[in-house]
Amino acid sequence: MTEPVPVVAQAVAVLRREVAVERAGREALVTTAPYVAAFVVLAGLAFGPSPQQLAPVAGGTTWLAVLGATVPLARAVAAAEVAEDSWDLLRGLAAPGALFTGKLLAAWAALALTWALATGLVVLLFEAPVPPQALYGGALGTLALAALTTGFGVLVAAGTRRRGLLAALVLPAGLPALLAGTQLATPGVPVLPWAVLMTLYAATVLAAVWAVFPVLLEE
Amino acid sequence: MATTTTRSRRTDRLLAAATVLAAGAAAVLALLVAPPDAVQGQPQRLMYVHVPAAWLAYLSFAAVLVASVAHLVTRDLRWDRRARAAAELGVGMTALAIALGSIWGRPVWGAWWVWDPRLVTTVVLLLVYLGHLSVRGLGDDPATGARRAAAVGVIGFVNVPVVHFSVVWWRTLHQPASVLSPDPAPMDPRMATALGVAVLAFTLAGVLVVRRRLRVLAAAGPAEPAPAPLPSPVTGPLVVTPRIRP
Amino acid sequence: MTGGAAACGPVRPVPPRAGGSYSDAMVGQPAVGSGPASPPAVDPAAAAPVLTLTGVSRAHGGRPVWAPVDLSLAAGTLTLVTGPNGAGKTTLLRLAAGLLRPSTGFRACAGRALYVRGGGGLRTAQTVADAVSVTAALAGRGAAVLPAVDLLGLRGLADRRVGTLSAGERVRAALAAAIACGPALLCLDEPTAALDRQGLLDLAVVLGVVRGSGTAVLLATHQPDVLRPSADAQLAVADGRVALS
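Residues numbered from 1 in each chain as written. Chains lettered and ligands numbered in written order. Predicted model: local features only at pLDDT ≥ 70, side-chain atom pairs only at ≥ 80, totals over all residues. Heavy atoms only, no water.

Teacher, can you tell me more about the overall build of chain C here?
Scanning chain C from terminus to terminus reveals 6 helices and 11 strands. A buried classification covers 61% of the 245 residues belonging to chain C. Expressed as a percentage of contacts within chain C between residues at least 6 apart in sequence, the contacts between residues at least 24 apart total 75%. Put simply, chain C shows about 8500 Å² of open surface, and 56% of that area lies on carbon and sulfur atoms. (Helix = DSSP H or I, 4+ residues; strand = E, 2+ residues; numbered from the N terminus. Buried < 20%, exposed > 50% of the residue type's maximum accessible area, 1.4 Å probe, protein only. Contact = heavy atoms within 4.5 Å. Areas by Shrake-Rupley, 256 points an atom, 1.4 Å probe, with all protein chains shown as cover.)

Written out as structure tokens, the structure reads:
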């Protein structure tokens, strides 16, 4: 009657559900795209206007924008589900591993989109080149931040107060992504140590959040 | 129960006496016996408080990790209280170490703050454990708060070494010499002794503070630790089977 | 897979039942409103317990909500849960669904347990058809979507967004999604508050079909009268205890 669903299939189903909800409501798109555009333009005004001043801060601007976007994007992980009363049914249906993977991949897609948008705007407005290693940093850094967003998003959404604590939890924990990502986006900086660090960071964060995620889901 | 409390109070008194002795000895050694630093002069004496504070902070955070993992495994609220008491001490000591370091840095480096890996890592530690203490206030249920705090304690702590290395590499790749790189000259034995006694005094004081805090937290929490024997249901078993209908 | 990360004891297998899967059971059933509520014909001997709570209680803020409960629900049963506000009906349902971790005792559930509060459960931006099908996909039961939509009489609302439905329609949409998942235990928290008398009669019909395929239903309500004739038991939650009434 209730044959178990393999975790991978269920993770795919959670991801498809996220994509369907996004297509229906365009939440992540309207959360990030205007925010990134405003952020980069304002950063240009704050640090510019000459290209000599803007080029060195291009990578940092991108990663600050991505790090800042984790806070509103974390709402899609659980807070929006709790607000619409759909969290209980989702928890009842999806195994913790599948729920984590599906939500992680959705958050990763949203953050990767944020990163790509910010990088594109920085290339255009700051006249900053993008070295190829920046792509590696972008992919892994947004994955690590997506793991933090997923974990802390569930943690904060299950509470009844102090929802603003999310930023205080995510931002310090995202420091290595900011540093390594910025260095990988800056031409002329040695690639290997930062690529190694970013890989190590992503692996550490993924493993830690994966390990505590079932505990975070408990009520 | 009564004998346990009596024994515990006696241990506290012994600890308090040892702390006072060690602190007195550390004060005499640090202020009178140890010579002023050849380069930095009198401000260097802040080291006898700054370093023990930082040591106690790191010791507390290691205790938080152990207690958090133990709580997640056993779900015993006593482990949560240990994690909480240690985190409170650690946050206080971290703030003290940062403040003293800043005061020490002003005359020595000419700046309240430098972008040194140890400083940045310590500030991140402070933020992580402030978060650890704050997540308890997300809801009202002590067991849920304990679980959340333990999860934050684990995620935060495993991240700290990566934070440290990022800032180390960030500094070394931009500016080869680190401001805080240790002096190659060996420390005067009188200085080393004063520092050692100060570290001992801080550790004893820390243990004492945590023990007293644990008693306060235990008194405020549930009377008995979680796994109590199962009382039998007052209503008897409720069994629902399909009704036979005409 | 049972719900969430809650503790779930040893799972007892439910013997395969005559009548096959949900979708089979639903095909050919009358649509909502087309017939009277008829209790399912279930052989009591074949009804294995779907949910077993042993000495289960839950503390909120250090105080137990009610005395420890031993509860066993057989497959295909409907159990009403009544009691005043704040007595702990929701706590009982969420514990049964595995969403809450028991403070004491053990929970064993043979299969998937779902909890639905009122008309909640679906994302409001989605259409009814999409919301039901993404939910059923989580249970790997895409084929059960259409029968469930038909059973709840939602064909005409399939393209409406969930957020634009009336409260009663949302209850039907939520039920369609939950039923499509083929749960072993369905915990419904106040589905009746938004329903008029006809809606309650329709609900009785739907529950009859659901129970016919083996699902045990635990339903908290302040309006038990219409459902009582077809219910197998009624649990009263009051004064810190749960009792059969």
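Any chance you could explain the overall build of chain B here in plain terms?
Assigned secondary structure in chain B consists of 6 helices and 1 strand. Along the chain direction, N to C, the helices and strands of chain B fall in the order α-α-α-α-α-α-β. Looking at chain B as a whole, 43% of its 246 residues are labelled buried. Long-range pairs, those at least 24 residues apart, make up 80% of the contacts in chain B between residues at least 6 apart in sequence. Carbon and sulfur atoms make up 71% of the accessible area of chain B, which amounts to about 12700 Å² in all.

Quick question: what am I supposed to make of the sheet that holds strand β1 (residues 49-57) of chain C here?
Strands belonging to one sheet form pairs held by backbone hydrogen bonds; the direction of such a pair is parallel or antiparallel. One open sheet accounts for 4 strands, arranged β1(B)-β4(C)-β1(C)-β6(C); its pairing is mixed. Since the sheet does not close on itself, it has two edges, and those belong to β1 (238-240) of chain B together with β6 (104-109) of chain C, each with one partner. Across the sheet, the mean angle from the axis of one strand to that of its neighbour is 5°, orientation sign disregarded. Pairing between β1(B) and strand β4 (residues 69-74) of chain C: 3 bridges, direction parallel. Its bridge partner lying in β4(C), L238(B) is registered against L71(C). (Pairing = 2+ DSSP bridges. Axes fitted to C-alpha atoms, helices over the stretch in contact; angles between N-to-C directions.)

Would you mind going over unusual backbone geometry with me for this structure?
Trans peptide bonds make up most of the peptide bonds, and negative phi angles are found at most residues other than glycine. Non-glycine residue D85(A) carries a positive phi angle of around 65°. A positive phi angle, close to 50°, is found at D239(C), a residue other than glycine. Among the residues examined, D239(C) registers a relative accessible area of 79% and is labelled exposed.

It is not clear to me how the packing of aromatic side chains should be interpreted in this structure. Could you clarify?
Here the structure, examined in full by the defined rule, presents 5 aromatic pairs over all chains. Arranged with centres 5.5 Å apart and planes meeting at 80°, the rings of F100(A) and W210(A) form a pair that is edge-to-face. Pair noted here: F100(A) is in helix α6 (residues 96-126) and W210(A) is in helix α10 (residues 191-217), with a separation of 110 residues, a long-range link. Geometrically, the ring pair formed by W113(B) and W115(B) is edge-to-face, given 5.6 Å between the ring centres and 90° between the ring planes. Judged by its relative accessible area of 33%, W113(B) is partly exposed. W115(B) gets classed as partly exposed once you look at its relative accessible area, which sits at 49%. A network of ring pairs unites the aromatic residues F100(A), W210(A) and F213(A) as a single cluster. Positioned above the aromatic ring of W79(B), the side-chain terminus of R82(B) is 4.6 Å from the ring centre. Here R94(C) stacks its cationic end above the ring of Y115(C), 5.2 Å away from the centre of that ring. (Phe/Tyr/Trp six-rings, centres within 6.5 Å; stacked < 30°, edge-to-face > 60°. Lys NZ or Arg CZ within 6 Å of the ring centre and 35° of its normal.)

Honestly, the interface of chain C and chain A in this entry has me stumped. Any pointers?
Where the parts come together, the accessible area they lose is often given as the size of the interface. Counting residues at the interface gives 41 residues for chain C, matched by 30 residues for chain A. Summed over both partners, the interface of chain C with chain A buries about 3100 Å², with 58% contributed by carbon and sulfur atoms. Linking chain C with chain A are 7 salt bridges. Residue R117(C) is joined to D85(A) by a salt bridge in which the shortest nitrogen-to-oxygen separation is 3.2 Å. Where chain C touches chain A, the interface holds 13 residue pairs in polar contact (both at pLDDT 80 or more). Where the side of chain C that touches chain A is concerned, the elements lending two or more residues are β7 (113-117) and α3 (128-138) of chain C. Top element by residues in the side of chain C that touches chain A is β7(C). It accounts for 5 residues. (Buried area = accessible area lost by both parts, 1.4 Å probe. Salt bridge = Lys/Arg side-chain N within 4 Å of Asp/Glu carboxyl O. Polar contact = N/O pair within 3.5 Å; in protein donor to acceptor, adjacent residues only side chain to side chain.)

What should I look at first to understand the nonpolar core in this one?
If you look at soluble globular proteins, the nonpolar side chains tend to sit buried side by side. L145(A), F152(A), L155(A), Y201(A) and L219(C) are the most contacted members of the largest nonpolar core, which totals 113 residues. For this core, the element with the most residues is α10(A), which contributes 13 residues. Excluding anything up to four places from it in sequence, L155(A) contacts L169(A), L216(A), V135(B), L138(B), R148(B) and V152(B). V56(C), A87(C), L93(C) and A233(C) belong to the second largest nonpolar core, which has 34 residues in total. (Core = buried A, V, L, I, M, F, W, Y, C linked by side-chain atoms within 4.5 Å.)

What am I meant to see in a nonpolar patch on the surface here?
All names here are of chain A. Among the surface-exposed residues, V41, L42, L45, L124 and L125 lie close enough to one another that they form a single nonpolar patch of about 530 Å² accessible area. Of all the secondary structure elements, the ones that give two or more residues to the nonpolar patch are α2 (27-47) and α6. In terms of residues, the nonpolar patch owes the most to one element, α2, which gives 3 residues. Along the chain, L42 turns up in helix α2. (Patch = residues over 30% accessible without salt bridge, like charges linked within 9 Å, V, L, I, M, F, W, Y side chains within 5 Å.)

How should I be thinking about a positive patch on the surface in this particular structure?
Residues and elements named next belong to chain B. Taken together, R7, R9, R10, R13 and R212 make up a surface patch of like positive charges. Looking at the positive patch element by element, the count peaks at 4 residues for helix α1 (residues 2-33). Relative to the assigned elements, R13 resides in helix α1. (Lys, Arg positive; Asp, Glu negative; His and termini not counted. Charge placed at Lys NZ, Arg CZ, Asp CG, Glu CD.)

Honestly, the pairing of β4(C) in this entry has me stumped. Any pointers?
Note on strand geometry: in a regular strand, side chains alternate between the two faces of the sheet. Residue and element names in this part refer to chain C. Across the 6 residues that make up β4, a large majority, 5, are buried. Sheet topology note: the β1/β4 ladder contains 5 bridges and is antiparallel. Counterpart to T52 in the pairing with β4 is S72.

I tried to follow the side chain of T114(A) on my own but got confused; where do I start?
Residues and elements named next belong to chain A. Within the element layout of this structure, T114 appears in helix α6. By relative accessible area, T114 is classed as buried at 0%. A distance of 2.7 Å separates a polar atom in the side chain of T114 from the backbone oxygen of A110. In this view, T114 contacts T32, V36, A65, V66, A69 and L73; residues no more than four positions away in its chain are not counted.

What's the story with the sheet that holds strand β5 (residues 78-82) of chain C in this structure? I'm lost.
Residue and element names in this part refer to chain C. Here we have 6 strands laid out as an open sheet, ordered β7-β8-β9-β5-β10-β11, and mixed in their pairing. With partners counted over all chains shown, the strands left at the sheet margins are β7 and β11 (241-244), one partner each. The average undirected angle you get between the axes of adjacent strands in this sheet is 20°. Sheet topology note: the β5/strand β10 (residues 233-238) ladder contains 4 bridges and is parallel.

Would you take a moment to explain the confidence of the model for chain C for this structure?
Detail in the predicted coordinates should be disregarded across regions flagged by low pLDDT. Residue and element names in this part refer to chain C. When pLDDT is averaged across chain C, the result is 81; 81% of the residues are at 70 or more. Contacts of residues 1-40 to residues separated by more than four positions or lying in other chains number 86 contacts, the stretch itself having pLDDT below 50. Quick note on the complex model: pTM equals 0.85, ipTM equals 0.86. (pLDDT = per-residue confidence, 0-100.)

Where do I start with the confidence of the model for chain B in this structure?
Put simply, chain B has an average pLDDT of 81, and 85% of its residues get 70 or more. A low-confidence stretch, residues 175-179 of chain B stays under pLDDT 50, and its non-local contacts, those more than four residues away or across chains, total 4 contacts.

Help me understand the pattern of salt bridges in this model?
Pairing is possible between side chains that carry opposite charge, provided their charged atoms lie close to one another. Enumeration according to the criterion identifies 25 salt bridges over all chains in this entry. Salt-bridge contacts for E81(A) lead to R123(C); the nearest nitrogen and oxygen are separated by 3.1 Å. Residue E81(A) is found in helix α4 (residues 79-83), and its partner R123(C) is found in the loop between β7 and α3; the two belong to separate chains. On the basis of relative accessibility, which here comes to 0%, the residue E81(A) falls in the buried class. The closest approach of N and O atoms between R215(B) and D12(B), which form a salt bridge, is 2.5 Å. Here R215(B) is found in helix α6 (residues 189-220), whereas its partner D12(B) is found in helix α1, with 203 residues between them in sequence. Each of R17(A), E18(A), E81(A), E84(A), K103(A) and R123(C) takes part in one network of salt bridges that share partners.

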